[in-house]
Amino acid sequence: MVTIHHRYAVVDGHQVFYREAGPRDRPTLVLLHGFPASSLMFRHLLPRLADRWHLVAPDHLGFGLSDAPPADEFTYSFDSLAGITGNLLAQLGIERYCLFVHDHGAPIGWRLILKTPAAVSAIITQNGNAYDEGLKPEFFTAVRDYWREQTPRTEAGVRQALTLELTRWRYLTGVTDETLVDPVTWTHDHDLLSRPDNDRVQLALFLDYATNLALYPKVQRYFRERQVPLLAIWGKGDPIFGPAGALAFTTDLPDAEVHLVAGGHFLLESALEEVVPLIRTFLSKHL
């Protein structure tokens, strides 16, 4: 039976929660969750990989069981979240690793890569975007309006993403059999989004998300120059990051493995049995 450890570390004065599994003397896979989730999204995946690899899955500040300092006490940006993650890895003595990114975890991961490119041996992206082609206009129209101006009208559009209805929508859209997705997922996420002041935390990150698009050319140049092994596993029905975002990786990484899987934004909830063999084969080859 695989043992999953649930740990805390103090990083830059903040308590960071992370899940850890697998032998520490084995190659490491660092898993970075997206919005509005936490490392809980990896609860079914960790036991399926821990026999051969060392796994570390932190909760970003403002998410999950990590600290969520008020927005006026901590500068919530993807730079700051990447800084916390990088310092956690340094504290744990992790110098080289494979990176698994999803949603918000992707721009955090891309920043880690650009800062220490030699540290990353391979990349798995599960609906973790790095190309303009992946941005679904239907979702990002309201976000782009908020980038252009912060008014009560544009803020109201973005705040829809913090509702229970939209959180459930993220989990179920594109899923053929909705009974495969545990309702605990979206209710748990919404409970955490509803904590006092957390709305301001998430609004700050939505506003800062514009910096990620500006970072894409640097990330793509890194791909071209390093030719890092990459596995893209993408939900065909993702309403936020479309399949074109997965296929775009082959523009700069001709040898990238791309798999479009029936499902939505959170494939690990509905397509785990299809996803796990793809990940294990990729890790066996490159880690």
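Residues numbered from 1 in each chain as written. Predicted model: local features only at pLDDT ≥ 70, side-chain atom pairs only at ≥ 80, totals over all residues. Heavy atoms only, no water.

### Concerning the overall build of the protein
Piece 1. The helix and strand inventory of the protein stands at 13 helices and 8 strands.
Piece 2. Rg of the C-alpha trace for the protein: 18 Å, near the compact-globule value of 19 Å for 287 residues, within the 12% margin.
Piece 3. Projecting the C-alpha coordinates of the protein onto the three principal axes gives extents of approximately 50 × 40 × 40 Å.
Piece 4. Here the protein holds 287 residues, and 56% of them are scored as buried.
Piece 5. Counting only carbon and sulfur atoms, one obtains 52% of the accessible surface of the protein, whose full area is about 11,700 Å².
Piece 6. Placing the 26 positive and 34 negative side-chain charges of the protein at their respective mean positions leaves the two points 5 Å apart. (Helix = DSSP H or I, 4+ residues; strand = E, 2+ residues; numbered from the N terminus. Rg over C-alpha atoms; globule rule 2.2 N^0.38 Å. Buried < 20%, exposed > 50% of the residue type's maximum accessible area, 1.4 Å probe, protein only. Areas by Shrake-Rupley, 256 points an atom, 1.4 Å probe, with all protein chains shown as cover. Lys, Arg positive; Asp, Glu negative; His and termini not counted. Charge placed at Lys NZ, Arg CZ, Asp CG, Glu CD.)

### Thoughts on the packing of helix H3 (residues 105-115) against helix H9 (residues 210-226)
Piece 1. Orientation of H3 relative to H9, taken along the N-to-C sense of each, is 50°, at an axis distance of 10 Å. Classified by the angle between their axes, H3 and H9 sit oblique to one another. The handedness of the crossing between H3 and H9 comes out as left-handed. On the side of H3, the interface is formed by Pro 107, Trp 110, Arg 111, Ile 113 and Leu 114, while H9 contributes Thr 211, Asn 212, Leu 215, Lys 218, Val 219, Tyr 222 and Phe 223.
Piece 2. Of the residues assigned to the contact of H3 with H9, the class counts are 8 nonpolar, 2 polar and 2 charged. (Axes fitted to C-alpha atoms, helices over the stretch in contact; angles between N-to-C directions. Parallel < 35°, antiparallel > 145°, perpendicular 65-115°, else oblique. Left-handed = near helix turned anticlockwise from the far one by under 90°. Contact = heavy atoms within 4.5 Å. Nonpolar A, V, L, I, M, F, W, Y, C, P; charged D, E, K, R; others polar.)

### Brief notes about the pattern of salt bridges
Piece 1. Enumeration according to the criterion identifies 13 salt bridges in this entry.
Piece 2. The salt bridge involving Glu 20 is made with Arg 24; its shortest N-O contact spans 3.0 Å.
Piece 3. Ionic contacts of the salt-bridge type, sharing partners, join the residues Arg 7, Glu 20 and Arg 24 into one network. (Salt bridge = Lys/Arg side-chain N within 4 Å of Asp/Glu carboxyl O.)

### So, unusual backbone geometry
Outside of glycine, negative phi angles account for most residues, and trans bonds account for most peptide bonds.
Piece 1. At the junction of Phe 35 and Pro 36, the peptide bond is cis and its omega measures out at -5° in the coordinates.
Piece 2. Along the chain, Pro 36 falls in the loop between strand E3 (28-32) and helix H1 (46-49).
Piece 3. Look at Asp 12: it is not a glycine, yet its phi comes out positive at around 55°.
Piece 4. Looking at the element boundaries, Asp 12 is found in the loop between strand E1 (4-11) and strand E2 (14-21).
Piece 5. Positive phi, normally seen in glycine, also occurs at Asp 103, with a value near 50°.
Piece 6. Within the element layout of this structure, Asp 103 appears in the loop between strand E5 (97-101) and H3.

### Structural notes on the sheet that holds E1
Piece 1. The 8 strands lie next to each other as E1-E2-E4-E3-E5-E6-E7-E8, forming an open sheet whose pairing is mixed. The outermost strands of the open sheet, each flanked by one partner alone, are E1 and strand E8 (257-261). Strand-to-strand twist in this sheet, taken as the mean axis angle between neighbours without regard to direction, amounts to 20°.
Piece 2. Along the sheet face, H3 touches E3, E5 and strand E6 (120-126) and points at about 150° away from the line of E5.
Piece 3. Contacts from helix H13 (residues 272-286) reach E3, E5, E6, strand E7 (230-235) and E8, with the element oriented near 170° to E7. (Pairing = 2+ DSSP bridges.)

### Overview of the packing of helix H8 (residues 198-208) against H9
Piece 1. Between H8 and H9, the least distance of the axes is 4 Å, while the angle of their chain directions is 35°. Contact residues: Phe 206, Leu 207 and Asp 208 in H8; Ala 210, Thr 211 and Asn 212 in H9.
Piece 2. A per-class count over the contact of H8 with H9 returns 3 nonpolar, 2 polar and 1 charged.

### Describing the nonpolar core
Piece 1. Core analysis: the largest hydrophobic core is formed by 64 residues, its most contacted members being Tyr 97, Trp 110, Ile 123, Phe 140, Phe 223 and Phe 249.
Piece 2. Ignoring sequence-local partners within four residues, the contact set of Ile 123 consists of Cys 98, Leu 99, Trp 110, Ile 113, Tyr 222, Phe 223, Val 228, Pro 229, Leu 230, Leu 231 and Phe 282.
Piece 3. Membership of the second largest hydrophobic core comes to 36 residues, among which are Phe 42, Leu 46, Phe 100 and Leu 268. (Core = buried A, V, L, I, M, F, W, Y, C linked by side-chain atoms within 4.5 Å.)

### A look at the pairing of E5
Piece 1. Of all 5 residues that make up E5, 5 are buried, and the element is covered over most of its length.
Piece 2. Across the two faces of E5 the burial is the same, with Tyr 97, Leu 99 and Val 101 and Cys 98 and Phe 100 all buried.
Piece 3. With 4 bridges connecting them, E3 and E5 associate as parallel partners. If you follow Leu 31 over to E5, its bridge partner there is Phe 100.
Piece 4. In the sheet, E5 pairs with E6 via 5 bridges, with the strands oriented parallel. Across the sheet, the residue bridging to Val 101 is Thr 125, located in E6.
Piece 5. Running through H3, the crossover from E5 to the neighbouring parallel element E6 is right-handed. (Right-handed = clockwise from strand over helix to strand, strands pointing away.)

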